[in-house]
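Examination of the molecular architecture
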Amino acid sequence: MASPPPRLRLTGIVKRYASTLANDGVNLTVGPGEIHALLGENGAGKSTLVKIIYGVARPDAGTIEWEGQPVTIADPNAARRLGVGMVFQHFSLFESLTVAENIALGLGATGSIAELTARIQDVSRRYGLAVEPGRHVHHLSVGERQRVEIVRCLLQSPRLLIMDEPTSVLTPQEAEGLFGVLRRLSAEGCSVLYISHKLEEIKALCENATVLRGGRLAGGCDPRVATEQQMAEMMIGGALPVAHRPAPLREGKPCLEVSKLTMESDEPFGTTLRDISLQLRDGQIIGIAGVAGNGQKELLGALAGERRTPDAAAVKVCGTDAGHMGPTARRKLGLSFIPEERLGRGAVAEFPLTENGLLTAYPHGFVRAGLIRTGAVQKYAAGIIKRFAVKASGIDARGSSLSGGNMQKFIVGREIGTNPRVLLAAHPTWGVDIGAAIAIRQALMDLAAAGSGVLVVSEDLAELFEICDFIAVLSGGRLSPPKPTRQTTVEEVGLLMGGRMAAQEMAHGV
Amino acid sequence: MAYRLEARARPAQAMVWLSPVLAAVLSVIGITILFAVLGRNPVQALQVLFIAPLETLDGLAELGLKATPLLLCAIGIAIGCRAEVWNIGAEGQFTVGAIAGGGVALAFGGNDYWWMQPAMLLAGVLGGMAWAAIPALLKTRFNAHEILTTLMLTYVAIQLLGYVVHGPWKDPQGYSFPQTKQFAADAMLPMLIEDTRLHVGALFALASVPLGALLLGRSMMGFRIRTVGAAPAAARYAGFSRNGVVWVCLPISGGMAGLAGICEVAGPDGQLTPVISPGYGFAAIIVAFLGRLNPFGILFASLLMALLYLGGEGLQLTMQLPIAVTGTIQGMLLFFLLAADVFINYRVRKLPPRAAAASGAATHA
């Protein structure tokens, strides 16, 4: 056969960590110029496989062939010498240096900065990656930072580019721009290994897919032909449950009112909230879309009471001025909050589930005369585990022993279990496996159907369009007026999400 | 042959409690070697150290006497440690408690007031609390680290004690010795066992074990304390104030050390002298960790530490060994404990020869 050898072929890869098999006999073949999707739930072994390709981890068994030749990849330098480039989910850029200086550091380049600047401009023109070499990184948006990382990889003329969840920080328009770049690279013969859990993106971009499940190969498919449902079922290894929205309740009284909230961030690179107004009514689900870092953390902190607002009336919970109240007082008014981070914030890793249940439920009758009512706390934790089918060894299981999805189901169960009138949910299904994500969305919709107001902050537009009655966009610390979900589109929301760039340009350009 | 420390998937629960036992055994081996090197008979030395003090009623009473301040200070320290509030200055709070309570004894003693002893004890507790409140204020107001402030205030407290016994409170009939008058009989704590020095302070110490366990294990305040220590972000999210917890932990810790201080001077000593503690407040830090920050564990650890103090005195008397031996043994115990604690989270794995070579190569690269 005259066809060229595959760019990369992995055969029978095995990798064991302490007591778990992270990869067990995994095969993967990426052809020249192919855009190949690597799919799988959290813990399926995607990251391990990628670490092996990039030389961060070494396989315990199996072979790696690069363009037909067996190779061992000792470290990331060896991987780069072969022509493997990688853009990580978390960027490694120095805030206080310029783009060109950052790239020079990453390349270990010997030439002058001026020479490098010319090369950066050349690459950025060729691929339509708008990057200004002289700007300092701390001025850049997340999308711009990602472009810097991509340019850094492209300067090394990679023959295989690995992208780890690249669109999780991008607006839909930015993501479309990225796809253009990747298609162009593919046309020039550079292979792309694309890791994502967003199936619609994979359908739009990739020509081949490898699916992992529990460290093993679950199969492969052509994403252009397979349906999203088929791919999802391959990932979870079973039929996909379907979430459905119960009939919406008639609109009730306002349960959460925010009026003209303006507040400085207390963090050095935080976002100032500007003039935010919002009214959430009983039975409604309002979604707040936006790229992380546009004030989500600050807004949620101000609503949940971790930060007090300057004006007590700026936040009202169930008609009461709550701006000056702490989290406990707001909980007593009927507010619940599912935070963004799970272990360490939403739950304590070394506490058993009983105490993790108590963590925020304590104002609701779990303490008598200063002592914890152990029996009631145990019953509460057992109830959550049963209702949300949380996989745990029991009510005494430590938080750290649960998977991310199961921990999140427990946290959601705890916050819903106190019958809140207002529920704040921050990225409720981020990084959660598909089955748990559907269960969580269903729980939020059921809560709204029972007459509570739900505010969901999420970067996942598909999720917001699925469950919300209204969608607003947070950008640069400003909130757009909520629009009924049926009267808006992903494109319109995406443009509002990107609004931050324009606002920032105005702030800096004088 | 190469070995590697490998992180365990989950902490080994057995090692949590095995580690102090292992540390104690290793310390005994270390002590044996130490005696052999010093040219003493190790078997005799171990007998003097560990067995002799327990052979008489008087020895057992002395054991309880020495365990009392250790236990009180260590439980207070442990409560703070659970919130990651590190009180290193129990020795200072102990000293100020002794000064405050002793001051009450000197001022009002000898009049047979019914409130004499409660007032002394209360003054001791308040003195220790006040001394611990200073670092609490510095931490919550200026974010000054309590490890530094509590430790430094210890030296201030010791100077303060030196000042009162050399100056205003010096016994005029004391032949110029730096010491106060003997406390009057009504200002001395009652003894528990006739003809020994074991006083009622031991009962306070014993009571602090279940009370400490109740606070940490069953009360909402204990839950706040543990949450602040284990996950500060989770505590903020739940609405538990870190500053509030600091203001609970340091005063409790200081109050218990102050109680230990007044019990010590109103029990066996009966007067204030420039040195009222052989380092109980510092040894209690070792006791707290040896007891796994758990009140019941601390009870056993305090008895072991008290035995070391007693045995150390015995070594001085019968084998002419220097007092530094006690400190050396304490240090060994803490060192081995910390070393053994590594195995709670790690296991030793022997590397196969091939991987060993590879990892060797990687180190040289």
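Residues numbered from 1 in each chain as written. Chains lettered and ligands numbered in written order. Predicted model: local features only at pLDDT ≥ 70, side-chain atom pairs only at ≥ 80, totals over all residues. Heavy atoms only, no water.

Re the overall build of chain B
- Counting its secondary structure elements, chain B contains 14 helices and two strands.
- By principal-axis analysis of the C-alpha atoms, chain B measures approximately 80 × 60 × 35 Å.
- Within chain B, the proportion of its 365 residues that are buried is 51%.
- A separation threshold of at least 6 residues defines the contact pool for chain B, and within that pool the share at least 24 residues apart is 77%.
- Of the roughly 16,500 Å² that chain B leaves accessible, carbon and sulfur atoms contribute 68%.
- Taking the average place of the 21 positive charges on the side chains of chain B and the average place of its 16 negative ones, the gap between the two points comes to 22 Å. (Helix = DSSP H or I, 4+ residues; strand = E, 2+ residues; numbered from the N terminus. Buried < 20%, exposed > 50% of the residue type's maximum accessible area, 1.4 Å probe, protein only. Contact = heavy atoms within 4.5 Å. Areas by Shrake-Rupley, 256 points an atom, 1.4 Å probe, with all protein chains shown as cover. Lys, Arg positive; Asp, Glu negative; His and termini not counted. Charge placed at Lys NZ, Arg CZ, Asp CG, Glu CD.)

Topic: a nonpolar patch on the surface
Residue and element names in this part refer to chain B.
- Together, Leu18, Val21, Leu22, Val25, Leu26, Ile29, Ile33 and Val37 line one region of the surface with nonpolar side chains, adding up to about 700 Å² of accessible area.
- Following the sequence through the fold, isoleucine 29 ends up in helix H1 (residues 13–38).
- A residue is classified by how much of its surface remains accessible, and isoleucine 29, at 45% relative accessible area, is partly exposed. (Patch = residues over 30% accessible without salt bridge, like charges linked within 9 Å, V, L, I, M, F, W, Y side chains within 5 Å. Salt bridge = Lys/Arg side-chain N within 4 Å of Asp/Glu carboxyl O.)

Thoughts on helix H8 (residues 228–236) of chain A
Residue and element names in this part refer to chain A.
- Among all positions of H8, only Met231, Ala232 and Met235 are buried. The arc enclosing the buried residues of H8, seen along the axis, measures out at 100 degrees, which places them on a common side.
- On the buried face of H8, the contacting elements are strand S3 (35–39), helix H7 (199–205), strand S9 (208–213), strand S10 (216–221) and helix H14 (434–449).
- Glycine 237 occupies a position one or two residues after H8 and carries a positive phi of about 70 degrees. (Arc of directions from axis to C-beta.)

What to know about the domain arrangement of chain A
Residue and element names in this part refer to chain A.
- What the domain assignment reports for chain A is domain 1 (8–236), domain 2 (252–334 + 421–434 + 451–510) and domain 3 (342–419).
- Measuring from the centre of the C-alpha atoms in domain 2 to the corresponding centre in domain 3 gives 26 Å.
- Counting residues at the interface gives 13 residues for domain 2 and 11 residues for domain 3.
- Taking both sides of the interface into account, the surface hidden between domain 2 and domain 3 amounts to around 920 Å²; carbon and sulfur atoms contribute 47%.
- Applying the counting rule to domain 2 against domain 3 returns six residue pairs in polar contact (both at pLDDT 80 or more).
- Here the side of domain 2 that touches domain 3 gets three residues from one element, more than from any other, and that element is helix H10 (residues 327–332).
- Grouping the amino acids of the side of domain 2 that touches domain 3 by side-chain chemistry returns four nonpolar, four polar and five charged. (Domains from an automatic or database assignment. Buried area = accessible area lost by both parts, 1.4 Å probe. Polar contact = N/O pair within 3.5 Å; in protein donor to acceptor, adjacent residues only side chain to side chain. Nonpolar A, V, L, I, M, F, W, Y, C, P; charged D, E, K, R; others polar.)

Regarding the sheet that holds strand S12 (residues 273–281) of chain A
All names here are of chain A.
- What the four strands build is an open sheet, ordered S12-S11-S14-S15; its pairing is antiparallel. Sheet topology places S12 and strand S15 (320–321) at the edges, where each strand pairs with a single neighbour.
- Relative to strand S14 (residues 315–317), strand S11 (residues 254–263) is paired through three bridges, and the arrangement is antiparallel. Each residue of the ladder has a partner; that of glutamate 257, found in S14, is lysine 316.
- Packed onto the sheet, helix H9 (residues 296–304) meets S11, S12 and S14 and runs at close to 125 degrees relative to S11. (Pairing = 2+ DSSP bridges. Axes fitted to C-alpha atoms, helices over the stretch in contact; angles between N-to-C directions.)

Structural notes on the state of the cysteines
- Applying the stated criterion across every chain yields a total of zero disulfides over all chains.
- The thiol sulfur of Cys468(A) is not disulfide-bonded, and the nearest other cysteine sulfur, from Cys255(A), lies at 14 Å.
- There is no disulfide at Cys81(B), and the cysteine sulfur nearest it, in Cys249(B), is 9.2 Å away. (Disulfide = S-S within 2.5 Å.)

Section: the sheet that holds strand S7 (residues 160–164) of chain A
All names here are of chain A.
- Taken in spatial order, the six strands line up as S6-S7-S8-S3-S9-S10 in an open sheet, and their pairing is mixed. Edge positions in the open sheet fall to strand S6 (84–87) and S10, since each of these has one partner strand only. Sheet twist, expressed as the mean angle between neighbouring strand axes with direction ignored, is 20 degrees.
- Two elements, S3 and S9, share four bridges in a ladder whose sense is parallel. By the bridge assignment, leucine 39 is partnered in S9 with valine 211.
- Helix H6 (residues 172–187) rests against S3, S7 and strand S8 (191–195) of the sheet, and its axis sits at about 160 degrees to S7.

Some details on the side chain of Ser208(B)
Residues and elements named next belong to chain B.
- Relative to the elements of secondary structure, serine 208 occurs in helix H7 (residues 201–218).
- A polar contact is formed between the side chain of serine 208 and the backbone oxygen of alanine 205, at a distance of 2.6 Å.
- Discounting residues that sit within four places of it in the chain, serine 208 has contacts with Leu71, Leu72, Ile75 and Met256.

Brief notes about the interface of chain A and chain B
- Counting from both sides, the interface comprises 27 residues of chain A and, opposite them, 21 residues of chain B.
- Regarding the contact of chain A and chain B, the summed buried area is about 2,000 Å², with carbon and sulfur atoms giving 62% of it.
- The interface formed by chain A and chain B includes one salt bridge.
- The salt bridge involving Glu355(A) is made with Arg226(B); its shortest N-O contact spans 2.8 Å.
- For the pair chain A and chain B, the number of links is nine residue pairs in polar contact (both at pLDDT 80 or more).
- When residues of the side of chain A that touches chain B are traced back to their parent elements, those giving at least two are H10, strand S16 (335–338), helix H11 (353–361), strand S18 (371–372) and helix H13 (404–417) of chain A.
- Broken down by element, the residue count for the side of chain A that touches chain B peaks at four residues, all from H11(A).
- Looking at side-chain class alone, the side of chain A that touches chain B contains 13 nonpolar, seven polar and seven charged residues.

Things to note about the packing of H1(B) against helix H2 (residues 42–51) of chain B
Residue and element names in this part refer to chain B.
- One way to put it is that H1 packs onto H2 with a least axis distance of 9 Å and a crossing angle of 130 degrees. Classed by the angle they form, the pair H1 and H2 counts as oblique. Considering how the two elements wind past one another, H1 and H2 form a crossing that is right-handed. Residues Val28, Ile31, Thr32, Phe35 and Ala36 of H1 form the contact with H2, whose participating residues are Pro42, Ala45, Leu46, Leu49 and Phe50.
- Looking at the contact of H1 with H2 residue by residue, the class counts come to nine nonpolar, one polar and no charged. (Parallel < 35°, antiparallel > 145°, perpendicular 65-115°, else oblique. Left-handed = near helix turned anticlockwise from the far one by under 90°.)

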